[in-house]
Amino acid sequence: MIQLDEKIYFTFLLIIPIMIVIFVILQLWKHKTQKKFANTQLLKRLTPSKSSFKGTLKLLFLILGLTFLTLGLVNPKIGTKLETVKREGVDIVFAVDVSKSMLAEDIAPNRLEKSKRLVSEIINQLASDRIGIIAYAGQAFPQLPITTDYGAAKMFLQSMNTDMLSSQGTAINEAIDLAATYYDDDEQTNRVLFIISDGEDHSGGSTLDAVDTAIDEGIRIFTIGVGKKKGGPIPIKQNGVVESLKKDAQGEVVITKLNEQILQEIADDGDGLYIDGSDTSKAVSLIREQLNQMDKKEFEAKQFAEFKDQFQWFLGAGLFFLFLEVFLLDRKTLWLKKLNLFNDKNYTNG
């Protein structure tokens, strides 16, 4: 297990492409200026000790030095001891709709990005609860099993997109059925399922049947509506640029609307609550309030308890490469010159 203390220092790495661009520009300028002064053969005779590749090697050492120093400032830590701890919390599964309708931009920046932000903000409010993530469209797909690793959860969450499932449509029933397999029957923890969706459902009456089954297994279902009632078109983009709008078989632009009714029915039957997700802070506050009212059950979880700093290795490597860059001369190295690896001709006066 690796932890990074100060990720903000990764911004220093943005200097590297700038250094490379400046180096290339300088090399082109030097080459152009030297050609005005003398031809290539004469320059070699005038500067026989000048190395043609030492400049590039010095840049490489400088880049490596900067990279390792940056990693040292970030301070990676490696977990060295895994232990089992007792925790109290609720088992929470997030089922996120990734169907094409979630690309509608009736809520900024679009429904899917709004959903991901909502889930991320909810995770930020959790302390010792376990979480899992499901992606669903025409079918449901397990994205992350029940875990206490919130960092991993956010990473998987950000990778979700509408192209991850080839089967399109919106089958909420499959998401509910899959969520039921996430919970450990041996540990009778409180079980909560959050369905984050625009409410489009192509599974018919089987959704409420799935809700009834989930209730029998002790799962409470909350729904979060993302989108606007008036709806909006579904943009089709290429490299971030809108090329067209999704159309139906008759060539009419498809307008997808938030279906609060089905989400409300699911929440009512699921002993939960329907939450309007348009205002992130209000939605997260309401969800936190609901979770705080639930009884916390004790469960065992494995986690890394000891982490050791590793910054010293990276700082050492960084200083080593910077030392090489400073003391590496532009002249040819004597032993390398004798090897004559590039079959250079020796130029003598006269």
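Quick note: structure is the one above.
Each chain has its residues counted from 1, following the order in which its sequence is written. Since the coordinates come from a predicted model, pLDDT governs what is reported: local features require at least 70, and pairs of side-chain atoms require 80 or more to be given and counted, while whole-chain, interface and lining totals use all residues. To get the side-chain values, take all heavy atoms of the structure and skip hydrogens and water.

J.: Could you give me a rundown of the overall build of the protein chain, with the residues and numbers involved?
T.: Within the protein chain one finds 11 helices and 13 strands. Three exposure classes are used, based on accessible area relative to the maximum for each residue type with a 1.4 Å probe and protein chains only: buried under 20%, partly exposed in between, and exposed over 50%. Looking at the 350 residues of the protein chain, the share that counts as buried comes to 39%. For the protein chain, the computed accessible surface area is about 20000 Å², with 56% contributed by carbon and sulfur atoms. Put simply, DSSP H or I for four residues or longer makes a helix, DSSP E for two residues or longer makes a strand, and each gets a number counted from the N terminus. For the area figures, the Shrake-Rupley method with a 1.4 Å probe applies, and any residue is considered shielded solely by the protein chains shown.

J.: Kindly report on a negative patch on the surface, identifying the contributing residues and their values.
T.: Note on patches: the residues involved have over 30% relative accessible area and no salt bridge, like charges join within 9 Å, and the nonpolar side chains Val, Leu, Ile, Met, Phe, Trp and Tyr join within 5 Å. The term salt bridge refers to a pairing of a side-chain nitrogen on Lys or Arg with a carboxyl oxygen on Asp or Glu at a separation within 4 Å. Just so you know, the count uses Lys and Arg for positive and Asp and Glu for negative, and it drops His and the chain ends. Each charge is placed at NZ for Lys, CZ for Arg, CG for Asp and CD for Glu. A cluster of acidic side chains, namely Glu-174, Asp-177, Asp-209, Asp-212, Asp-216, Glu-217, Glu-265, Asp-268 and Asp-269, defines a negative patch on the protein surface. Going through the elements one at a time, α6 (172-180), α7 (206-216) and α8 (260-269) are the ones with two or more residues in the negative patch. Here Asp-216 lies in helix α7. Classification of Asp-216 by relative accessible area gives exposed; the value is 70%.

J.: Before we move on, could you go through the packing of aromatic side chains and cite the residues and values that matter?
T.: Two rings from Phe, Tyr or Trp (for Trp, the six-membered ring) form a pair when their centres sit within 6.5 Å of each other. Planes less than 30 degrees apart are called stacked, planes more than 60 degrees apart edge-to-face, and all others tilted. Tallied over the full model, the rule gives seven aromatic pairs. Summarising the aromatic geometry, the rings of Phe-68 and Phe-314 are spaced 6.4 Å apart at their centres and angled 25° between planes, so their arrangement reads as stacked. With Phe-68 in helix α3 (residues 54-74) and Phe-314 in helix α10 (residues 311-327), this residue pair connects regions lying 246 residues apart in the sequence. Residue classification places Phe-68 among the partly exposed residues on the basis of a relative accessible area of 24%. Given a relative accessible area of 22%, Phe-314 falls into the partly exposed group. With centroids separated by 5.3 Å and ring planes inclined at 35°, the aromatic side chains of Phe-194 and Phe-222 adopt a geometry described as tilted. One end of the pair, Phe-194, is in strand β6 (residues 191-197); the other, Phe-222, is in strand β7 (residues 219-225), and 28 residues separate them in sequence. Like Phe-222, Phe-194 is buried. The rings of Phe-61, Phe-68, Phe-314, Phe-320 and Phe-321 are connected pair by pair, giving a single aromatic cluster.

J.: Tell me about the sheet that holds strand β12 (residues 274-276), and name the residues and values.
T.: The mixed open sheet is built from six strands, whose spatial order is β5-β4-β3-β6-β7-β12. Edge positions in the sheet fall to β5 (140-147) and β12, since each has one partner strand and no second. Recorded for the sheet is a direction-independent mean angle of 20° between the axes of neighbouring strands. One bridge is not enough; two strands pair if DSSP finds at least two bridges between them. By the bridge criterion, seven bridges tie β6 to β7 in an arrangement that is parallel. Following the sheet pairing, Ile-195 is matched in β7 by Thr-223. Structural elements are reduced to axes, namely lines fitted to C-alpha atoms, with helices fitted over the stretch in contact, and the angle between N-to-C directions of any two is expressed from 0 to 180 degrees.

J.: Quick one: what's the story with the pattern of salt bridges, residue by residue and with numbers?
T.: Any two side chains of opposite charge can pair if their charged atoms end up close together. As enumerated under the stated definition, the model contains nine salt bridges in all. Where Lys-116 meets Glu-113, a salt bridge forms, and the shortest distance between an N and an O atom there is 3.2 Å. Residue Lys-116 and its partner Glu-113 are located together in helix α4 (residues 111-124), separated by three residues, close to a single helical turn. Residue classification places Lys-116 among the buried positions, given a relative accessible area of 3%. Classification of Glu-113 as partly exposed rests on a relative accessible area of 33%. In the salt-bridge network here, residues are joined through shared partners; they are Asp-106, Arg-111 and Asp-198.

J.: Before we move on, can you summarise the nonpolar core with the specific residues and values?
T.: Nonpolar side chains tend toward joint burial in soluble globular proteins. Formed by 35 residues in total, the largest nonpolar core has its most connected members in Ile-92, Phe-94 and Phe-194. Among the secondary structure elements, those contributing two or more residues to this core are β3 (91-97), α4, β4 (130-136), α5 (150-158), β6, β7 and α9 (280-292). If you tally residues by element for this core, the top one is α4, at five residues. The residues touching Ile-92, leaving out its near neighbours within four places in the chain, are Leu-126, Asp-129, Arg-130, Ile-131, Gly-132, Ile-146, Val-192, Phe-194 and Leu-291. Nonpolar cores were defined as sets of buried Ala, Val, Leu, Ile, Met, Phe, Trp, Tyr and Cys residues, with membership established by side-chain atoms within 4.5 Å. With 26 residues, the next largest nonpolar core counts Ala-175, Ile-176, Ala-180 and Ile-195 among its residues. By definition, residues are in contact when any of their heavy atoms lie within 4.5 Å.

J.: Give me the environment of Gln-139: which residues, what numbers.
T.: Note that Gln-139 resides in the loop between β4 and β5. Each residue touching Gln-139, except ones within four places of it in the same chain, is listed here: Leu-165, Ser-167 and Glu-174.

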